[in-house]
Amino acid sequence: MKLVRDAKTLKTKAIHSLKAGMTAFNRFEEEGRITSVLLHSQHACEMLLKAVLVQRNETVFDLKTGKSIGFERCVCLCTAKHGLTEQEAGIMRAMDSLRDAAQHWFVVVAEDILYLNVRALITAFDEYLKRALGDDLRSHIPPRVLPVSTMPPGDFEFLVDREYKVISELLQPGRRARDEARARIRSLLAMEAVAVEESEVSEMDIGRIEKAIRAGAEVNAVFPRLATIGTRVEGEGLTLTVHFSKKEGAPVRYIGGDDPTDAAAVRTLDLQKKFHLSRTVLAEKLGLTPPKAKLLRDHLGIDTDPSCHHAFEFGKQRIPQYSDNAVRTMKAWLTANDIGELWRTRDSC
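Residues numbered from 1 in each chain as written. Predicted model: local features only at pLDDT ≥ 70, side-chain atom pairs only at ≥ 80, totals over all residues. Heavy atoms only, no water.

Things to note about the nonpolar core
Phase 1: Core analysis: the largest hydrophobic core is formed by 82 residues, its most contacted members being L49, F125, F223 and F244.
Phase 2: Considering every element that reaches this core, the biggest residue donor is helix α5 (residues 111-133), with 14 residues.
Phase 3: Residues C308, V327, W333 and I339 belong to the second largest nonpolar core, which totals 17 residues. (Core = buried A, V, L, I, M, F, W, Y, C linked by side-chain atoms within 4.5 Å. Buried < 20%, exposed > 50% of the residue type's maximum accessible area, 1.4 Å probe, protein only. Helix = DSSP H or I, 4+ residues; strand = E, 2+ residues; numbered from the N terminus.)

This is the structure:
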């Protein structure tokens, strides 16, 4: 396939970054090794995606800022219009989330989990490179230099279960290993990106999960999304390929990401999407003044209904927010009743 100039440059940068990631994976020194692998691997993905977008005449610069679009925007465009599969997008998002955790704070990734992710990424990179740009990794990288491990990847569910037990042991009283435990929690949270389109690792989420693990919660209750991920490993040694995929239905009861009744499974990003209305905006949607809206909330018990109300805590601040369910409940009451009468009843009390 004949590539336009910028697409050719971006493809070359993608392959160079992937080579750098492989070199980092196979090196002897441990200092900074995992961070280097994650940084170069994520950069390889972004450059490949942008090469495809440029080749397909997509705009890769924001018209307002003049800056190139970010990783997530690239993934969305390639998935929607240019043949990137959900499985390929998932492993790329997981690598991006792991890289983000490593670059902006710190993360601990078990060796065999790192290997599984890197080989899955190489598989996705190679397959998308072939389909979208008519090229393959074998033309640029000898198979002998692909990441090699004396610890071949096991079943993903087994690896998650083992990592969960390690975290639980690190959090035992007297161990003084809380920082490492939280870094490993951060790693598992980042891998949820395989299963969902948006996955942000929040310190508040990590805190809730730490609390749940200390309380003895089961792994599938704390990480329900990881229970929906499976792997398919084919070949061995240098010919090994790894595919991540979503299972056909979770093996356990799935706890919704926006269900605040189970703190361990709740993600801040999900809650902010569900409870997106402030008191003022809620009142405006109902056509009520703030005092009348408060009166109706109190009358219907909206602020005590977990499906209608959630209070976000940011340090000492406590910010109440409301869901669309609160709007529906209050509108239904207003359709059948007179708010003026309720207001007069309040005045007479």
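Some thoughts on the pattern of salt bridges
Close approach of charged atoms lets side chains of opposite charge pair.
Phase 1: Tallying each qualifying case throughout the model produces 24 salt bridges.
Phase 2: With a closest N to O distance of 2.9 Å, K50 and E46 form a salt bridge. Of this pair, K50 and E46 both sit in helix α2 (residues 33-55), 4 residues apart, which is roughly one turn of the helix. Summarising the burial analysis for this pair, K50 and E46 share the class buried.
Phase 3: Across the pair R99 and D96 runs a salt bridge, and its minimum N-O distance is 3.0 Å. Residue R99 and its partner D96 are both found in helix α4 (residues 86-104); the two are separated by 3 residues, about one turn of the helix.
Phase 4: Looking at D96, the relative accessible area reads 17%, which means it is buried.
Phase 5: Linked through salt bridges whose partners overlap, the residues forming this network are R178, R182, R186, E203, E210 and R214. (Salt bridge = Lys/Arg side-chain N within 4 Å of Asp/Glu carboxyl O.)

A short note on the confidence of the model for the chain
Phase 1: Mean pLDDT for the chain: 84, with 84% of residues reaching 70 or above.
Phase 2: pLDDT under 50 marks residues 249-266. Its contacts with residues more than four places away, or in other chains, come to 37 contacts. (pLDDT = per-residue confidence, 0-100. Contact = heavy atoms within 4.5 Å.)

Examining helix α6 (residues 156-170)
Every α-helix winds through 3.6 residues per turn, so residues three or four apart in the chain are directed the same way.
Phase 1: For α6, built from 15 residues, the straight-helix expectation of 21 Å at 1.5 Å per residue is met to within 8% by its first-to-last C-alpha distance of 21 Å.
Phase 2: All of the buried residues along α6 are F156, L159, V160, E163, Y164, I167 and L170. One side of α6 holds all its buried residues, which, seen down the axis, span an arc of 135°. (Expected span 1.5 Å × (residues − 1). Arc of directions from axis to C-beta.)

Observations regarding the packing of helix α11 (residues 279-286) against helix α13 (residues 324-336)
Phase 1: Between α11 and α13, the shortest axis-to-axis distance is 10 Å and the interhelical angle comes to 40°. Between α11 and α13, the angle falls in the class oblique. Seen from above, α11 lies across α13 with right-handed handedness. Residues L282, K285 and L286 of α11 touch α13, and the partners they reach there are A326, V327, M330, K331 and L334.
Phase 2: When grouped by side-chain class, the residues that make up the contact of α11 with α13 number 6 nonpolar, no polar and 2 charged. (Axes fitted to C-alpha atoms, helices over the stretch in contact; angles between N-to-C directions. Parallel < 35°, antiparallel > 145°, perpendicular 65-115°, else oblique. Left-handed = near helix turned anticlockwise from the far one by under 90°. Nonpolar A, V, L, I, M, F, W, Y, C, P; charged D, E, K, R; others polar.)

Some thoughts on unusual backbone geometry
Phase 1: Look at N57: it is not a glycine, yet its phi comes out positive at around 65°.
Phase 2: By the element assignment, N57 lies in the loop between α2 and α3 (71-81).
Phase 3: Phi is positive for R176, which is not a glycine, with a value near 55°.

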